[in-house]
Every structure is written in structure tokens, then in C-alpha cells.
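Structure assessment
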Amino acid sequence: MNRYLLYIMLVPLLASAGIQERVDALLLARHGKVQTRFEKYSLKPALKKEIESKSKQRFLKDFVFLWKIETDTSGQRLAIVDAVRAKSAFITMMATFDSTDHVVGIDILDYNGDHGRKVMNSNWLAQFTGKGAESELVIGNDVDAVTGATFSAAAISKAVKRWALLAQHIEH
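Note that the structure is a prediction, hence the values are computed from the model and not measured. (Residues numbered from 1 in each chain as written. Predicted model: local features only at pLDDT ≥ 70, side-chain atom pairs only at ≥ 80, totals over all residues. Heavy atoms only, no water.)

Below, the discussion takes up the overall build of the chain. When helices and strands are tallied, the chain shows four helices and five strands. Helices and strands in the chain line up, N terminus first, as α-β-α-β-β-β-β-α-α. The C-alpha radius of gyration of the chain comes to 15 Å, within 12% of the 16 Å expected for a compact globule of 172 residues. For the chain, the spread of C-alpha atoms along the principal axes amounts to about 40 × 40 × 35 Å. Sequence-distant contacts, at least 24 apart, represent 58% of the contacts inside the chain between residues at least 6 apart. Put simply, the chain shows about 9,000 Å² of open surface, and 51% of that area lies on carbon and sulfur atoms. Each charge class in the chain can be summarised by its mean position, and for the 23 positive and 19 negative side chains these summaries are 6 Å apart. (Helix = DSSP H or I, 4+ residues; strand = E, 2+ residues; numbered from the N terminus. Rg over C-alpha atoms; globule rule 2.2 N^0.38 Å. Contact = heavy atoms within 4.5 Å. Areas by Shrake-Rupley, 256 points an atom, 1.4 Å probe, with all protein chains shown as cover. Lys, Arg positive; Asp, Glu negative; His and termini not counted. Charge placed at Lys NZ, Arg CZ, Asp CG, Glu CD.)

On to the packing of aromatic side chains. Here the structure, examined in full by the defined rule, presents four aromatic pairs. Ring centres of Phe38 and Phe65 lie 5.8 Å apart, and the angle between their planes is 20°; on these two criteria the pair is classed as stacked. With Phe38 in strand β1 (residues 35–42) and Phe65 in strand β2 (residues 63–71), the pair connects residues that are 27 residues apart, well separated along the chain. When the centroid spacing of 5.4 Å and the interplanar angle of 70° are considered together, the rings of Phe63 and Phe65 count as edge-to-face. (Phe/Tyr/Trp six-rings, centres within 6.5 Å; stacked < 30°, edge-to-face > 60°.)

Inspection of the entire model under this criterion finds five salt bridges. Here Lys68 and Glu39 are joined by a salt bridge, their closest N and O atoms 3.5 Å apart. With Lys68 in strand β2 and Glu39 in strand β1, the pair connects residues that are 29 residues apart, well separated along the chain. Owing to a relative accessible area of 24%, Glu39 belongs among the partly exposed residues under this scheme. For the salt bridge of Arg162 with Asp82, the shortest nitrogen-to-oxygen distance reads 2.8 Å. Of this pair, Arg162 sits in helix α4 (residues 150–167) while Asp82 is found in strand β3 (residues 75–85), placing the two residues 80 residues apart along the sequence. (Salt bridge = Lys/Arg side-chain N within 4 Å of Asp/Glu carboxyl O. Buried < 20%, exposed > 50% of the residue type's maximum accessible area, 1.4 Å probe, protein only.)

Even without being glycine, Lys56 reaches a positive phi, approximately 60°. Structurally, Lys56 can be placed in the loop between α2 (45–55) and β2. A relative accessible area of 66% means that Lys56 is categorised as exposed. Positive phi outside glycine occurs at Leu137, with the angle close to 60°. With respect to the helices and strands, Leu137 occurs in the loop between α3 (122–126) and α4.

One can find Gln57 in the loop between α2 and β2. Among the polar contacts made by the side chain of Gln57, one reaches the main-chain carbonyl oxygen of Ala155 at a distance of 3.0 Å. Side-chain polar atoms of Gln57 contact the side chain of Arg162, separated by 2.8 Å. The residues touching Gln57, leaving out its near neighbours within four places in the chain, are Glu52, Val84, Ala155, Lys158, Ala159 and Arg162. (Polar contact = N/O pair within 3.5 Å; in protein donor to acceptor, adjacent residues only side chain to side chain.)

What follows concerns the layout of surface pockets. Approximately 230 Å³ is the volume attributed to the largest pocket. Lys54, Ser55, Lys56, Glu136, Leu137, Val138, Ile139, Ala154, Ser157, Lys158 and Lys161 are the residues that line the largest pocket. Secondary structure elements with two or more residues in the lining of the largest pocket: α2 and α4. If you tally residues by element for the lining of the largest pocket, the top one is α4, at four residues. Of the residues contributing to the lining of the largest pocket, the split by class is four nonpolar, two polar and five charged. (1 Å grid on protein atoms, 1.4 Å probe; cavity = no way out; pocket = protein on both sides within 12 Å on 5 of 7 lines; lining within 4 Å. Points joined across faces, edges and corners; volume = space filled by probe spheres on them. Nonpolar A, V, L, I, M, F, W, Y, C, P; charged D, E, K, R; others polar.)

Read these as spatial facts, not as claims about activity.
Written out as C-alpha cells, the structure is:
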């Protein structure tokens, strides 16, 4: 069985076997005591196709995992957890958006690959803060390139664009 099919079959298990707990812990650390609502969000085919076209990246599944967040200090936020495929890696990430659908933070929850791990650097990930669906997110223009992580950096940049486009369609 090829690695891609195995990973796709395991995505639901990842959510129930540690990813959900890690997301909850990250949200608590970042926002303090919050109220959250977790859901598996099914992508409507027309919306999925439109977002994939605009972001130039496909969703691996027909759903993403969402955390709708209510904080005392920051209001409503949305966290999207999904995976992307780089050249030889699968990267499970969480993108948190504010009420205007701009990135508050990007976290890599799991990096299943041998190369390109430099994209896990918090300083590199911080450059996405404040970006939204209107942002181009092109490597070398408004996103810094990463030597030795070209494919991973491109995959993450496209994923952030994809999730920002999706966030606009989700009530939070």
C-alpha cells in the first residue's frame, strides 16, 4: 500500500489519538481559558473546487477539523486542522484565525518526513500572522524561502491561503 493511501486512512485516527488533545493544549496555552466547540467540517464540492482553484492546492480529504473558539479577551476565533502533502512529507497543521479571518498563528502538529523540517521554525511560521485570503503568499515575494525546505515551504504557504479562503465561509 502506498504511503499516501495509508496516511489518508489514518487521518481520522490521528484526530482521535492525540491531535485533538494537542490542539486543546495549544489553544489553552495561547488563549488561556477558552470555550471551544470541535467539529468535523464537511466541504461542499463546489466550495472545495473553488478554494482548490484559488489556492492552487488540493484538500487531501472532503473535510477538515474545526475548533470554534470563544475567548474573554480576543472574541471569536477559528482553528482549522488539516494536513498537506509536500514532496516527501505529510504535514498536519493548525491555523488559527481571528474574527476577520486573518491568521493569528500557525502550528505544525505533525511532520511526517525526512527533509524540509526547517519550516517548523517558529520565526518562519510567524510571518503568516495577519495574512488572509487577500494575501498572495508567494514564496520569495511575501513569504521567505527556506533553504532545504522548498517543497514544504510552498505546501505550507498554499495551505495557509487555502485555509484563509475557507475561513471566510465558516461562521464563527
